[in-house]
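Residue strings, one per chain:
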Amino acid sequence: MRICHRSGSESETIERSGEIGTMDNLETMRRERDSFGRDGFIGPITLFTRAQCQVILRHFRHGDPPTPLKWGKGQAASDRLIFDLATRPALLARLRLLLGNDILLWGASLITREPNEIHPWHSDIESSSLGGGFVSVWIGIENTSRESALQMIARSHAIGKTIQEVAHENGIRRGEASTATVLDWARTIIPSVEFVQATMNDGDAVFFDGRLWHGSWNTRVEGTRAALLFQYAAAGTPVKMPDFSQLEWPFRFKMSRVPVLLVSGRDSSRANYIVPPPEPIAPALASQFHPLKLPLPEDRVSRWHPHYLFAGATTNLSTMGAHVSVLSPGHSPHPPHAHREEEILVVLDGEAELVIALNETGLNARCEQLGAGAFVYYPAFQFHTIRNATAKPITYLMFKWTGPPQETEAPFETTISRTEDIRQIGNAPFATQLMFEGPTHYLTKLQVHLTELQPDAGYATHADTHDVAIVALSGSVETMGRRIERHGVVYFPAGEMHDMKNPGSATARYLVFEFHGSLNGEVTACRSAARTRSLWRTLGNRTYRRVRQSLAATSLWHALRPIYRRLRRIFAALI
């Protein structure tokens, strides 16, 4: 037996950047490809940071993730966060090396193992075809160590039989064969095979051939081990739905089709049931101008009234939305809760009590009082709520956004900033004071600064590579020909032209929020293609419904229906 240790720093650098353009990187990738073909696996390779692992765990534990689509491995087809993680450019770059440019994602699931729990030696039924064309990625998320890591029989992908078939030939049932027995079976066919159990930490991944013999045994004294399993196939490779009531050899398969996602290139084979990415693609967000005249009306029944402002997607963010809420005295909109979105809450009027909790019970929560002009940043899955303990309504503004989890080791924690103590920034025509700056789970940088603009001062029209939100605290400003008074909200997505000047006679004071994301050209192009496919599918479905409603009562419809269904399947595969 041998123990496999962590890959060198050069390989990790490639994985971090996703770049394969230099000769050194290309040579390293070629060595990995050769190693994968010979041994049936590569790794460990650092794929996620510890912060990303924490987001994943909180998502499953507190984020109310959607039910996997159609079967237990359909998490990426229903869950946008998991889809974003499984389609990271650096991950796809390595998969293209192993599978080619055209790639399907057919499986995504979180697997947990309690201390001393065994996952018996097996070959994955779906990817056990002798022809290959499958790559699985096992990623340690929590309590990952050599004692809990994946166990593999190196080179067993070339044996030509699943471990279940070999066990059947030897009269052994699932889970009865020891590691030594499994290794002996493999060595009778390929003498050079080896037992491998990698030294791994949270965020480390192993890429392995779908035919490889593998299992796990969490021998840790304490701590549930959690791991993500992403499973991919070369486009055109059929993925069958197993009958999980028959885990022994011979395998059985259901007539149901596995939902798969096209994550790279094209697939015109119609060998699989290709579904669109989870969640509708959000509409592109245009520049926003929202003058707000306070007080806004209360809801005398619910005692909490949100006023929708905008929602959409930008080149920096998967989703960005904003609303203004009015909270009546003595009321709270909800118990402490947590969600996937990151948030900024700005108090516009009144005095709010923030409850920053450790869990949904609110026990031992931290409470903070915020007056007008103060704001708080909440990271993803921070338990929180807001209360009004005063005799007058509170009006507050909320920005909420999501995006692919960033590779940062130390994202911002909950941060409170108060502007009321900053009397004057300076005497310059244009002066700013940084409130805070740093990475978040979804942003490479979130920067907030307080700005003062003197009468007739301003700056010229330009476009930023990041999104910008502006909240007027006092005075008035004019941007792109639109005048915004106190409490007004402006939003400019990345690339939108904007300027700023103070047309009034008093100093203008406003908050500026900069949202720096990292959606690169590849991801943007993928989302654009997904949006196009979604529009065509919507058009096809609408046409089908109209024809069906017109002809449903006729005998011609019953005769043509099978033909029409086949044409719809062909149409769906083509787009």
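Everything below is about the structure printed above this text.
What comes next concerns the included structure. All of these numbers come straight from a predicted model, not from anything done at the bench.

Considering the sheet that holds strand E27 (residues 467-474)
What holds strands together in a sheet is hydrogen bonding between their backbones, with the strands either parallel or antiparallel. Reading across from one edge, E14-E30-E27-E32-E25-E24 is the order of the six strands in this open sheet, with antiparallel pairing throughout. The sheet terminates laterally at strand E14 (288-290) and strand E24 (430-438), the two strands that pair on one side only. Ignoring which end each strand starts from, the neighbouring axes of this sheet average 15° apart. In this sheet, strand E30 (residues 489-492) lies alongside E14 in antiparallel orientation, the contact comprising three bridges. Along E30, the bridge assignment pairs His290 with Val489.

A look at the pattern of salt bridges
By the definition in use, this model includes 26 salt bridges. Between Arg300 and Glu298 there is a salt bridge, and its shortest N-O distance comes to 3.6 Å. On the basis of relative accessibility, which here comes to 64%, the residue Arg300 falls in the exposed class. Taking the shortest distance from any N to any O, the salt bridge between Lys400 and Glu343 comes out at 2.5 Å. Highlighted residues: Lys400 in strand E22 (residues 394-402) and Glu343 in strand E17 (residues 342-349), separated in sequence by 57 residues. For Glu343, a relative accessible area of 2% puts it in the buried group.

As for helix H8 (residues 179-189)
Of the residues making up H8, those classed as buried are Val182, Leu183, Trp185 and Ala186. End-on, the buried residues of H8 take up no more than an arc of 155°, which puts them together on one face. In this structure, the buried side of H8 is in contact with strand E3 (118-122), strand E5 (150-154), helix H7 (163-169) and strand E6 (194-197).

Some thoughts on the sheet that holds E3
Taken in spatial order, the four strands line up as E3-E8-E5-E6 in an open sheet, and their pairing is antiparallel. Of all the strands in the sheet, the pair left with one neighbour each is E3 and E6. Across the sheet, the mean angle from the axis of one strand to that of its neighbour is 25°, orientation sign disregarded. Of the pairings in the sheet, the one linking E5 to strand E8 (residues 214-217) comprises three bridges and is antiparallel in character.

Re the pairing of strand E16 (residues 319-327)
Taken across its nine residues, E16 has eight buried, putting it largely inside the fold. Summarising the sheet, strand E15 (residues 304-312) and E16 pair through eight bridges and their orientation is antiparallel. Residue pairing in the sheet places Ala311 in a bridge with Gly321 of E16. Here E15 hands over to E16 after six residues, the two strands then running antiparallel side by side. Two strands pair when backbone bridges link them, and E16 and E22 are joined in this way by nine bridges, in the antiparallel orientation. Its bridge partner lying in E22, Gly321 is registered against Lys400.

Parameters at a glance
- Residue positions are given per chain, counting from 1 as you read along its sequence in written order.
- Predicted model: local features are reported for residues with pLDDT of at least 70 only, side-chain atom pairs are reported and counted for 80 or more only, and whole-chain, interface and lining totals are derived from all residues.
- Side-chain metrics in this entry use all non-hydrogen atoms of the structure; hydrogen atoms and water are not considered.
- Pairs of strands are assigned from DSSP output, requiring at least two bridges between the strands.
- Strands are runs of DSSP state E lasting at least two residues, helices are runs of H or I lasting at least four, and both sets are numbered from the N terminus onward.
- Each axis is a line fitted through C-alpha atoms, and for a helix only the stretch in contact is used; angles between axes span 0 to 180 degrees, taken between their N-to-C directions.
- What makes a salt bridge here is a side-chain nitrogen of Lys or Arg within 4 Å of a carboxyl oxygen of Asp or Glu, nothing more.
- Burial here depends on accessible area, computed with a 1.4 Å probe over protein chains only, as a share of the maximum for the residue type. Under 20% is buried, over 50% is exposed, and the range in between is partly exposed.
- As used here, the arc belongs to the directions running from the helix axis to the C-beta atoms.
- In what follows, a contact means two residues having at least one pair of non-hydrogen atoms within 4.5 Å.

Without other data, these values stay purely geometric and don't point to any function.
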